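Here is what each chain is made of, one letter per residue.
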Amino acid sequence: MCAFAIILQYVLILLFCSFFLPVLHSYSPLCKLRNKFNFNGLHMEGDVVLGGLFKVHFSSVFPELSFTSEPNQPRCHGFDILGFRQAQTMAFAINEINKNSDLLPNVTLGYSLYDNCATLGIALRASLSLASGQEEQIILDETCVGSNPVLGIVGDSYSTFTIATSDVIGLFQLPIVSYYSTCPCLSDRKRFPSFFRTIPSDTFQVRAMIQILNHFSWTWVGLLVSDDDYGLHVARSFQSDLAQSGQGCLAYTEILPWGNDPTELRRIVNLIKTSTARVVIVFAHGIHMIHLMEEVVKQNVTGRQWMASEAWTASTVLHTPHLMPYLAGTLGIAIRRGEIPGLRDFLLQIRPDPNYNNSYGNSIVKQFWEYTFQCTFAPAAAGWVEAEGALCTGQEDLESAGTELLDMSELRPDYNVYKAVYALAYALDDMLRCVPGTGPFSGHSCASLQRMEPWQLVHYLQKVNFTTSFGDIVSFNENGDVLPIYDIMNWQWLPDGKTKVHGVGEVKRSHSKGEELTVDENKIFWNSEPKEPPRSVCSESCPPGTRMARKKGEPECCFDCVPCSDGEISNETGWCSCSIFLRHMLKMHGNNSLVSLDSMECTSCPEDYWSNARHDRCVPKRTEFLSFHEPLGICLTTTSLLGTFLCAVVLGIFIHHRSTPMVRANNSELSFLLLVSLKLCFLCSLLFIGRPRLWTCQLRHAGFGIIFVLCVSCILVKTMVVLAVFKASKPGGGAVLKWFGAMQQRGTVLVLTSVQAVICTAWLVTSSPTPHKNTLYHNDKIVYECVVGSTVGFAVLLGYIGLLAILSFLLAFLARNLPDNFNEAKLITFSMLIFCAVWGAFVPAYVNSPGKYADAVEVFAILASSFGLLVALFGPKCFIILLRPEQNTKKAIMGRAATKS
């Protein structure tokens, strides 16, 4: 594009030099144009002349060039009423300004308007003529006789024409204010430093179109563009903005050919027909749509929602009965509609210029008149009169002609022309009001009417700011663009067969609120059954509980729906009923993201939550711990309370029979202490049931360790006392008993228990057991458990209990055959055997039991060992005390011993 632009500039400069620079004769002070072009135009003299370029004809025909005679001028065909009205709007605006005493007082504006005939070559020639003037002969003396070239140009209607014109005219810093060129490339201030426009750039139009797509949830669309700068730049901008927005994909992008190319059009329409995209966006001109829709009718492509760019939204040539079954319901972006008071009266005063044969005269009025009244001015062409053709008089009644020229309901490009003329006028007015010595130019100078330069007007045009009679503010940003605003139009097919282009909303940008889209859906006519917006998606939105999986090689809007994995959710309406809490939890974890509506991935639930069966909500995870309410917990609790009750019963029996020989034998005080410790053993098992808390985690292990050491210490001391008494019964052994008096026994139990208390204290201080939420066992379940903190501390605690138990077992085993009157050793041996067996089996069972079952194993070990000690040590004694009272005498006990001996 850059290389093309440079080449184009050189070609245009050569054209300028070849045709418009005067040929200087050796001895003549005259400059004479080498050639002159007969443009269709409209002109009025003035102190300052403004130029205009308008599309008054749809096409042109160039003559064949044989170069054996002077080439003929190109001829224009297909009169465009709307283009003519735009040119007349400029003439009206200048006449209105000349009548305004507050704007440009004592200065008369003139105009020189040309028809570009929708042809680039003619548009270039016209723009160069405006820049240099059309005088055939200029006298080269001090007065420089000749008409002034224009000070500014309003135009052109095509972006391509404006780009070419601005590339050349911009070299002379001549300001150009376009009313219809929307190419974003024209906002490049380095390339187009003197270009301005009163129509928004396509950059905004593209964003407006994407906003409409998003409003109706259309994510799968086709794009057709014209084969010119307007269409090609829009295609690049649309693809880029749509990709950045992430709100849709293009099913196809096609370039519409200039002219009627049946083969290419047939291919494009067939693509539209076979595509799953139901929305077709067209950035092109009315002429492109005429050719395209002819092929659409041939192939009978229905069920498509057409979206029109501003270039053809208001094109009435498409409002025909055979096209409306296909185009009805079209949504389009339209230039801001305005009102121009007095324009209709001005147009009614149009009359052909008597000098219409003058090529520099008002020829387009004559052409309009002949087109409107289907007549011709004399002299008529050969055969016209014979064919009963009418001759124009110039006095025909324009108001009764029913021409579209007088329709003031849809003044859109015309309103932009009106604003462009006033922008130039206000800039010129500001420039002429400059006070010498305070001007913006070198030396604080000001421009003057006699010696003003076009570049000086550019300075003031950049700062212009005024409000139209319709209430719109006109000002330009640093790129020469106006504050954008578009109307959203809908093609409504009325019951009588007529078509009405009706406004249904607007999209605009404001300094305070940014870009705003307003659509009244109740006013929209939908050309489908039911009467509602069509669906246009490549793949339907994934239902809750699934995620999108991109299809290989296809746009991101085309996807399959894959179920979410366990622990993940997707939900089109958001998170779940607990979303507020989840937001808070995510913020605590430094994650502020939430589930997007059509996320490429499912979203994992927070730590304490899990997906439900449908994977559309995060629900709290099930919790697991050894509860008082579940069957296992109830059984263990009942067993614990039963053991406690039995200990209390045995203790009560021993207290009631405390004076009997069976109770008093082998230190009754230790028996009472042992019963109390067993009772505490049963009760401490309850600490392992219920949801773990910090205090229960700390107390359950410490209490278990200390109580069991107390219990085993009592048994150990009882065993040692049995051995001491037996040894004291032998000759010379009496001295041993002094080491096993009541005080020594209590002290031994206290010391042995204190050691365990020190171990527990050190463990709790250094690495205390704490409650823990374990999610490793089950993903959908939280297992509440107590972690021991320090494995070494727990091992030392258990090891110390085991050491005392083994020592008690060995001593009791050695004393098992002593005489019965001294001997509890057999009962102790059996009880310690049960104790060691239970706790020996506990270690592997505990290590391999997950979650609450580890607590259950520990409770079972506590209860089993406690019952073993209670039954083995106190069962036989209670049997004798309660059922064999005759044996609970000293004589009976001694007698049993004597019999055995």
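Computed from a prediction, not measured in an experiment: that's the story for all the values here.

A look at unusual backbone geometry
Residue Asp156 follows Gly155 across a cis peptide bond; omega there is 5°. Tracing the chain through its elements places Asp156 in the loop between strand E9 (152-154) and helix H4 (159-169). One non-glycine residue, Asn300, lies in the positive phi region at around 55°. Within the secondary structure, Asn300 is located in the loop between helix H8 (286-299) and strand E15 (305-308).

Re helix H3 (residues 120-132)
End to end, H3 covers 18 Å across 13 residues, agreeing with the expected 18 Å (1.5 Å per residue, within 8%). Along H3, the positions that sit buried rather than exposed are Ile122, Ala123, Leu124, Ala126, Ser127, Leu128, Ser129 and Leu130. Where H3 ends, the next residue or the one after it, Gly133, has phi of about 95°, a positive value.

Points about the side chain of Arg700
By secondary structure assignment, the location of Arg700 is in helix H18 (residues 694-728). A distance of 3.4 Å separates a polar atom in the side chain of Arg700 from a polar atom in the side chain of Asp855.

Re a nonpolar patch on the surface
A cluster of nonpolar side chains, namely Leu641, Val676, Leu680 and Leu683, defines an oily patch on the protein surface of about 290 Å² accessible area. Residue contributions to the nonpolar patch peak at three residues, all from helix H17 (residues 668-684).

Comments concerning the pairing of strand E16 (residues 331-335)
Taking burial as the measure, the five residues of E16 include five buried ones, the bulk of the element. Pairing analysis gives two bridges linking E15 to E16, with the strands arranged parallel. Paired with Ala308 across the bridge in E16 is Gly332. Bridge count for E16 against strand E21 (residues 485-493) is five bridges, and the pairing is antiparallel. Paired with Ile333 across the bridge in E21 is Ile488.

Re the pattern of salt bridges
Going through the model one piece at a time under the given rule, you end up with 25 salt bridges. In this structure, Arg191 and Asp167 form a salt bridge, with 2.9 Å as the shortest nitrogen-oxygen distance. Placement of the pair is Arg191 in the loop between strand E10 (176-178) and strand E11 (195-197) and Asp167 in helix H4, with a sequence separation of 24 residues. The exposure class assigned to Arg191 is partly exposed, which follows from its relative accessible area of 29%. In the salt-bridge network here, residues are joined through shared partners; they are Arg336, Glu410, Arg412, Asp472, Asp487, Glu506 and Lys508.

What counts and what doesn't
- Residues numbered from 1 in each chain as written.
- Predicted model: local features only at pLDDT ≥ 70, side-chain atom pairs only at ≥ 80, totals over all residues.
- Heavy atoms only, no water.
- Helix = DSSP H or I, 4+ residues; strand = E, 2+ residues; numbered from the N terminus.
- Expected span 1.5 Å × (residues − 1).
- Buried < 20%, exposed > 50% of the residue type's maximum accessible area, 1.4 Å probe, protein only.
- Polar contact = N/O pair within 3.5 Å; in protein donor to acceptor, adjacent residues only side chain to side chain.
- Patch = residues over 30% accessible without salt bridge, like charges linked within 9 Å, V, L, I, M, F, W, Y side chains within 5 Å.
- Areas by Shrake-Rupley, 256 points an atom, 1.4 Å probe, with all protein chains shown as cover.
- Salt bridge = Lys/Arg side-chain N within 4 Å of Asp/Glu carboxyl O.
- Pairing = 2+ DSSP bridges.

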